Structures are given as structure tokens and as C-alpha cells.
Amino acid sequence: MKKIVILTGAGISAESGVPTFRDAGGLWEGHRVEEVATPGAFRHNPALVHRFYNQRRVDIQTREPNAAHLAIARLQTAFPDKITVVTQNVDDLHERGGSVDVWHMHGELLRIRCTKCHSKVGWTKPLDSAEPCGQCQRTGTLRPDIVWFGEMPYFLDEIDLALQKCELFVAVGTSGVVYPAASFVDIANHQRIPTIEFNLQKTATSSRFTESRLGPATKAVTAWVEELLLAG
Ligand code: APR
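Residues numbered from 1 in each chain as written. Predicted model: local features only at pLDDT ≥ 70, side-chain atom pairs only at ≥ 80, totals over all residues. Heavy atoms only, no water.

Enquirer: Would you explain the sheet that holds strand β11 (residues 211-214) in this entry?
Expert: Neighbouring strands of a sheet are bound in pairs by backbone hydrogen bonds; such pairs are parallel or else antiparallel. Taken together, 6 strands build an open sheet; the order of strands is β5-β4-β1-β9-β10-β11 and the sheet is parallel. Bordering the open sheet on either side are β5 (103-104) and β11, each of which pairs with just one other strand. Here strand β4 (residues 83-87) runs beside β5; their pairing, made up of 2 bridges, is parallel. Bridge assignment links Thr87 to a residue of β5, and that residue is His104. Where helix α5 (residues 67-78) meets the sheet, its contacts fall on β1 (4-8) and β4, and the angle it forms with β4 comes to roughly 145°. (Pairing = 2+ DSSP bridges. Helix = DSSP H or I, 4+ residues; strand = E, 2+ residues; numbered from the N terminus. Contact = heavy atoms within 4.5 Å. Axes fitted to C-alpha atoms, helices over the stretch in contact; angles between N-to-C directions.)

Shown next as C-alpha cells:
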């Protein structure tokens, strides 16, 4: 089995009922998502930002992993030291599907962090500014552990290293417009390794992939994983 880095985006969770960012216009309560998911929005209107993430936190707990999450977990279980799963998604559907060591480069919805003492803790309930930090007891310092626009994604060094070492790069359900994830295919191309994109349709990055497999992730990713498992 080749060493594979699999990058996933909102499209892999779409068939679990989680809305993608750009397909439906990306609007929430009349705001562009980019206007809610920023440090500036949180400074100026923390209640609005908390409400946005509280809704998503409640929603995600009603969703279930789909066949694409399960297929990737199956592949990872069969070849644990060959498969690296990197996701832009803040949901936990890869983990609930059975994947381990998922690198959430944009953070996690079910985790919060304190901006003062930097402690992080798992969180499933609504959050508001009155909630004291369980570690330092300050109030008004807790925020979703989400990487907002203008902030540095997590795991960039680890991802870069994994991309340098991998033999196949795969992107599933991402529109390829948000960087740095959209440039991972360029790093792979620089290594002269094959690349496969899975998406419902052609994307901004399709021309930079060796191969595009069009179709719903539940079908296309599952078929690809079956091929790999058969080949061993
Ligand atoms: N199967 C495969 N692909 C799908 C499916 C599906 N069932 N449904 C939708 N898609 C594809 C769409 O065609 C689109 O290209 O998934 C992609 C989703 O794109 P975006 O909504 O832009 O999501 P993503 O690329 O993950 O966004 C990146 O942007 O707002 C930020 O931080 C946020 O992590 C997010 C980042």
C-alpha cells in the first residue's frame, strides 16, 4: 500500500446532512459565513458568533457519519501507518466513523479554548460569554476552538512533512478555494506523485489533479477504497 494523505472538506459530510460552505450561498442569518468566522466578529459581537457555533454544535450531534467516512476509516484501520487523514471540517464525523489521529486543520466544533490561559476542553453544550474558564476561572475568554479567517491553521508542519513523504495525495469534497489546503495539491505535484480529486463537480483546483472522480463521496470514495483493499 502506498503512503496516502487524504484531505477532506465539507463535501464529505454533505451526505450526512451537514451543509457545505459555498454550495447554498454560504449565508447564515443574512451574514456571509466569512463575516461570522473571524476574530474581529468575535470581538465586536461575541453573542452572534457564539450563536452561530452553538447552532452548529447542536446540529452536528444529530448527524451520523456516512459511507465515505466509514470507508476512509476502514482503509486507515487496514493500513494504519500508511494513511494520514487531514480535514478542513470541524465536525467529528471522521472520528465517529472510526478514524483515529485526524488532523483538524481548522479546529473542532466540539472543543473550546481559553484565550487567556490557553487551556482546551471538549464541549458539547451551548457556550456564551458568561461561562467561566474551568481552568483559570476568568469569564469572557472562552471561544470555540475553531481556526477563523485570518488565523493560522493547525498541523501545518505535520501536514507538510506528511505531504513530502506520501506517494498519493487525495482530496475529497473540497472546493479548493481556501488556502493553504488548496495548495496541498501543488506540494504533491512538486513531489511528482499522483493526485486524485473526489467531488460532485469540477472545482477551482481540478486542473491541478492527475485524476478527478466525479460523483457523491459516499459512492466514489467507497468504490476507490474497495479497489485499494482488494489490491492490498
Ligand atoms: N460528494 C462529494 N463532493 C461534494 C458533495 C458530495 N456528496 N457535496 C458537495 N460536494 C463538494 C462541492 O461540489 C464543493 O466543491 O464539496 C465542496 C464543498 O466546498 P466548500 O463548501 O467550499 O467546503 P470546503 O472546501 O471544505 O471549505 C473550506 O472554507 O469556510 C471555510 O473553514 C471553512 O473548512 C472550510 C473551508
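Enquirer: Please clarify how the site of the ligand should be interpreted in this entry.
Expert: The full set close to the ligand counts 22 residues, and Phe21, Arg22, Thr174, Ser175 and Asn199 are the nearest of them. Gln201 is positioned such that a nitrogen or oxygen atom in its side chain is 3.3 Å from an oxygen atom of the ligand. Within the backbone of Ala217, one N or O atom sits 2.9 Å away from a nitrogen atom of the ligand. For the ligand, the accessible surface in isolation is 740 Å², of which the surrounding protein chains cover 94%. The biggest single contributor to the shell around the ligand is helix α1 (residues 10-14), with 3 residues. Here the shell around the ligand is composed, by residue class, of 8 nonpolar, 11 polar and 3 charged. (Near = heavy atom within 4 Å. Polar contact = N/O pair within 3.5 Å; in protein donor to acceptor, adjacent residues only side chain to side chain. Areas by Shrake-Rupley, 256 points an atom, 1.4 Å probe, with all protein chains shown as cover. Nonpolar A, V, L, I, M, F, W, Y, C, P; charged D, E, K, R; others polar.)

Enquirer: Mind showing me how you'd approach the side chain of Thr20 here?
Expert: With respect to the element layout, Thr20 can be found in the loop between α1 and β2 (27-28). Thr20 gets classed as buried once you look at its relative accessible area, which sits at 16%. Beyond its immediate chain neighbours, meaning those up to four positions away, Thr20 contacts Ala10, Gly11 and Ala14. (Buried < 20%, exposed > 50% of the residue type's maximum accessible area, 1.4 Å probe, protein only.)

Enquirer: What should I look at first to understand helix α4 (residues 46-60) in this one?
Expert: Given 3.6 residues per helical turn, the α-helix brings residues three or four places apart onto the same face. Here α4 spans 21 Å end to end across 15 residues, near enough to the 21 Å set by a 1.5 Å rise per residue. All of the buried residues along α4 are Leu48, Val49, His50, Phe52, Tyr53, Asn54, Arg57 and Ile60. (Expected span 1.5 Å × (residues − 1).)

Enquirer: Sorry if this is basic, but what is going on with the sheet that holds strand β8 (residues 142-146) here?
Expert: Read from one edge of the open sheet, 3 strands run β7-β6-β8, paired in antiparallel fashion. The open sheet is flanked by β7 (120-122) and β8, the only strands paired with a single partner. Between one strand axis and the next, the sheet turns by 40° as a mean value, whatever way the strands run. Sheet topology note: the strand β6 (residues 107-114)/β7 ladder contains 3 bridges and is antiparallel. By the bridge assignment for β7, Arg113 is matched with Lys120. Packed onto the sheet, α4 meets β6 and β8 and runs at close to 135° relative to β6.

Enquirer: Explain the pairing of strand β9 (residues 168-172) to me, please; I cannot follow it from the model alone.
Expert: If a strand is regular, its side chains alternate between the two faces of the sheet. Among the 5 residues in β9, 5 count as buried, and that is most of the element. Residues Leu168, Val170 and Val172 of β9 are buried on one face, and the alternating residues Phe169 and Ala171, pointing to the opposite face, are buried as well. As paired strands, β1 and β9 are joined by 5 bridges and run parallel to one another. Its bridge partner being in β9, Leu7 is matched across the sheet by Ala171. The pairing of β9 with strand β10 (residues 195-199) spans 4 bridges and is classified as parallel. Along β10, the bridge assignment pairs Ala171 with Glu197. Chirality of the crossover, the property in question, places the unit of β9, helix α8 (residues 184-190) and β10 among those that are right-handed. (Right-handed = clockwise from strand over helix to strand, strands pointing away.)

Enquirer: Got a minute to help me understand the pattern of salt bridges in this structure?
Expert: Pairs may arise between side chains of opposite charge once their charged atoms sit close together. Under the criterion given, the structure shown has 11 salt bridges. Among the charged side chains, a salt-bridge network with shared partners connects Glu64, Asp92 and Arg96. (Salt bridge = Lys/Arg side-chain N within 4 Å of Asp/Glu carboxyl O.)

These values are about where atoms sit, not about what they do.
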